[in-house]
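# Fold and geometry: a report
Residue strings, one per chain:
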Amino acid sequence: MVARNLRQKIVIQSPNSSVDARGQITGSWTDVATRFAQVKKMSGREATASNQLFEKATWKIRIRWERDLTITTDYRIKFGNIYLAIGSITNVKERNLEYEILCSEVG
């Protein structure tokens, strides 16, 4: 992974539920980490190939691997004003150098 390719800032968010004064469960998101990443909207061919991992993948994100950073498919990524649901997370070649995260846009 080349550092100059990590130009876009993303925010990794985890779900957070709480109970309001009326006893209703409310959902919100908590920022877990802010990182520089390579963010790419996938072409039709890439999206078709990635469907083997995650059916609705339309975005590919690459970030540096970190021992203390835990990301699950329950999390989401905020990229500017776009929110992306995480469909799969891969430790590329299991080398502990970078993550490849496949995502789809959510409303």
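Residues numbered from 1 in each chain as written. Predicted model: local features only at pLDDT ≥ 70, side-chain atom pairs only at ≥ 80, totals over all residues. Heavy atoms only, no water.

## Some points on the sheet that holds strand β2 (residues 25-41)
As a reminder, the rule being used: Strands are treated as partners if at least two bridges between them are detected by DSSP. Elements are defined by DSSP. Helices are runs of H or I of four residues or more, strands are runs of E of two residues or more, and each kind is numbered from the N terminus. Each axis is a line fitted through C-alpha atoms, and for a helix only the stretch in contact is used; angles between axes span 0 to 180 degrees, taken between their N-to-C directions.
The 6 strands lie next to each other as β1-β2-β3-β6-β5-β4, forming a closed barrel whose pairing is antiparallel. For this sheet, the mean angle separating the axes of adjacent strands, direction not counted, is 45 degrees. Summarising the sheet, strand β3 (residues 59-64) and strand β6 (residues 98-106) pair through 6 bridges and their orientation is antiparallel. In the sheet register, R64 faces β6, and the bridge partner there is E98.

## Comments concerning the side chain of E98
Cut-off, in case you're wondering: To sort residues, take the accessible area from a 1.4 Å probe on protein chains only and compare it with the maximum for the residue type: under 20% means buried, over 50% means exposed, and anything in between is partly exposed. Two N or O atoms form a polar contact when they lie within 3.5 Å of each other; inside protein one atom must be a possible hydrogen donor and the other a possible acceptor, and for residues adjacent in sequence the pair counts only when both atoms belong to side chains.
The topology assignment puts E98 in strand β6. Judged by relative accessible area, E98 falls into the buried class, the value being 12%. In this structure the side chain of E98 is engaged in a polar contact, spanning 2.7 Å, whose partner is the side chain of R62.

## A look at the nonpolar core
How we decide: We define the nonpolar core as a collection of buried residues of types Ala, Val, Leu, Ile, Met, Phe, Trp, Tyr and Cys that are connected through side-chain atoms lying within 4.5 Å of one another. By definition in these notes, contact holds between two residues if any of their heavy atoms fall within 4.5 Å.
Ranked by size, the top nonpolar core spans 18 residues in total, and within it I10, I12, I61, I63, I71, I77 and I101 carry the most contacts. Apart from residues no more than four positions distant in its own chain, I61 is found in contact with I10, A37, Q38, V39, I77, L84, Y99, E100, I101 and C103.

## Concerning the packing of aromatic side chains
Put simply, the rule reads: Here a pair means two rings of Phe, Tyr or Trp (six-membered ring of Trp) with centres within 6.5 Å. Their orientation is stacked below 30 degrees between planes, edge-to-face above 60, and tilted elsewhere.
In this structure the tally under the stated criterion is 1 aromatic pair. Judged by centre distance (6.0 Å) and plane angle (65 degrees), the ring pair of W59 and F79 falls under edge-to-face. Of this pair, W59 sits in strand β3 while F79 sits in strand β4 (residues 76-79); the two residues are 20 residues apart in sequence, bridging distant segments of the chain. F79 shares its class with W59; the two are buried.

## Description of the confidence of the model for the protein chain
Interpretation of this model should avoid reading the predicted coordinates in detail wherever pLDDT is low. Stated precisely, the cut-off is as follows: Confidence scores here are pLDDT values: one per residue, from the predictor, ranging 0 to 100.
When pLDDT is averaged along the protein chain, the result is 87, and 87% of the positions lie at 70 or above. Looking at the elements of the protein chain, mean pLDDT is at its lowest for helix α1 (residues 44-50), recorded as 58, and at its highest for β4, recorded as 97.

## Here we look at the pattern of salt bridges
Heads up, the condition is: The working definition used for a salt bridge is a side-chain nitrogen of Lys or Arg within 4 Å of a carboxyl oxygen of Asp or Glu.
This structure, assessed with the given rule, holds 4 salt bridges. The closest approach of N and O atoms between K41 and E105, which form a salt bridge, is 3.8 Å. Within this pair, whereas K41 is found in strand β2, its partner E105 is found in strand β6, the two being separated by 64 residues in sequence. Using a relative accessible area of 46% as the deciding quantity, one classes E105 as partly exposed.

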